[in-house]
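Chain residues, written in single-letter form:
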Amino acid sequence: LKDRYAAAHLRVAFIQQEKGDPTAARTAYQEAFARYDEVLAGQPGDRAALLDVARGRHRLGDLQAATKGEREGARHSYQQAVGILEPLAADDPDAQALLARVHQSLAAWHKPESTDAALAHTRQALELRQRVAAARPADARARRELAAGFTDLAILENQARRLNEAAAAYEAAS
């Protein structure tokens, strides 16, 4: 029952975020994370709960990244999601796909200040997306995200004036 209560709070946070109410979303995120802490205290390896927390940390990071003055908070939330997902991603395409999205968010976070850091996260995201696409060859979303990953890499390579690498990434995306 605690896991359902935690999941309900997380869904409320997502809805409030989509509605454009960051204050209500933050409150719901805090409540969801507190409930998930209770769930994970009793079942530390609960994959579903861990994935939900990572998804919530990622979405909270997106909210923070879009809020003036919360840039560092966004990076911290993204890093928390990475810390949760990395152990799960070894053999779980769902965790790999989510981890790829978090790395892409970190790439966007780094992009204004460090193309090299943005490229590193984009490459990590792309490697994960390749693993997901290989594990799920019939999954259209996995193929779309893989193509988007190559495009993201091409854009950054082009900005870094690595034109051969940019061309190769664009070619791989098509």
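The structure this text deals with has already been given above.
Residues numbered from 1 in each chain as written. Predicted model: local features only at pLDDT ≥ 70, side-chain atom pairs only at ≥ 80, totals over all residues. Heavy atoms only, no water.

Checked against the element boundaries, Asp92 lands in the loop between α4 (71–88) and α5 (93–110). Judged by relative accessible area, which is 11%, Asp92 ranks as buried. In terms of polar contacts, Asp92 uses its side chain to reach the side chain of Arg47, at 3.4 Å. Apart from residues lying up to four places away in sequence, Asp92 is in contact with Arg47 and Leu51. (Helix = DSSP H or I, 4+ residues; strand = E, 2+ residues; numbered from the N terminus. Buried < 20%, exposed > 50% of the residue type's maximum accessible area, 1.4 Å probe, protein only. Polar contact = N/O pair within 3.5 Å; in protein donor to acceptor, adjacent residues only side chain to side chain. Contact = heavy atoms within 4.5 Å.)

Moving on to unusual backbone geometry. The phi dihedral of Arg161 is positive, around 65°, even though this residue is not glycine. Judged by its relative accessible area of 58%, Arg161 is exposed.

Another aspect to go through is the environment of Asp21. In this structure, Asp21 sits in the loop between α1 (2–19) and α2 (22–42). Sequence separation between Asp21 and Leu63 is 42 residues; the distance between their C-alpha atoms is 10.0 Å. A polar contact of 3.1 Å, which involves the side chain of Asp21, links it to the backbone nitrogen of Ala24.

With that settled, consider the pattern of salt bridges. The final tally for this structure, using the stated rule, is 16 salt bridges. Residues participating in the shared-partner salt-bridge network are Asp116, Arg123, Glu157 and Arg162. (Salt bridge = Lys/Arg side-chain N within 4 Å of Asp/Glu carboxyl O.)

This part covers the packing of aromatic side chains. For the structure shown, the criterion picks out 2 aromatic pairs. Taken together, a centroid distance of 5.9 Å and an interplanar angle of 20° make the contact between Tyr29 and Phe33 stacked. Of this pair, Tyr29 and Phe33 both sit in helix α2, 4 residues apart, which is roughly one turn of that helix. What makes Tyr29 buried here is its relative accessible area of 1%. Among the aromatic residues, those joined into a cluster by ring pairs are Phe14, Tyr29 and Phe33. Sitting over the ring of Phe33, Arg57 keeps its end group 3.6 Å from the ring centre. The ring of Phe14 has Arg59 lying over it, and the distance from NZ or CZ to the ring centre is 4.4 Å. (Phe/Tyr/Trp six-rings, centres within 6.5 Å; stacked < 30°, edge-to-face > 60°. Lys NZ or Arg CZ within 6 Å of the ring centre and 35° of its normal.)

Functional significance is not addressed by these values, which are geometric in nature.
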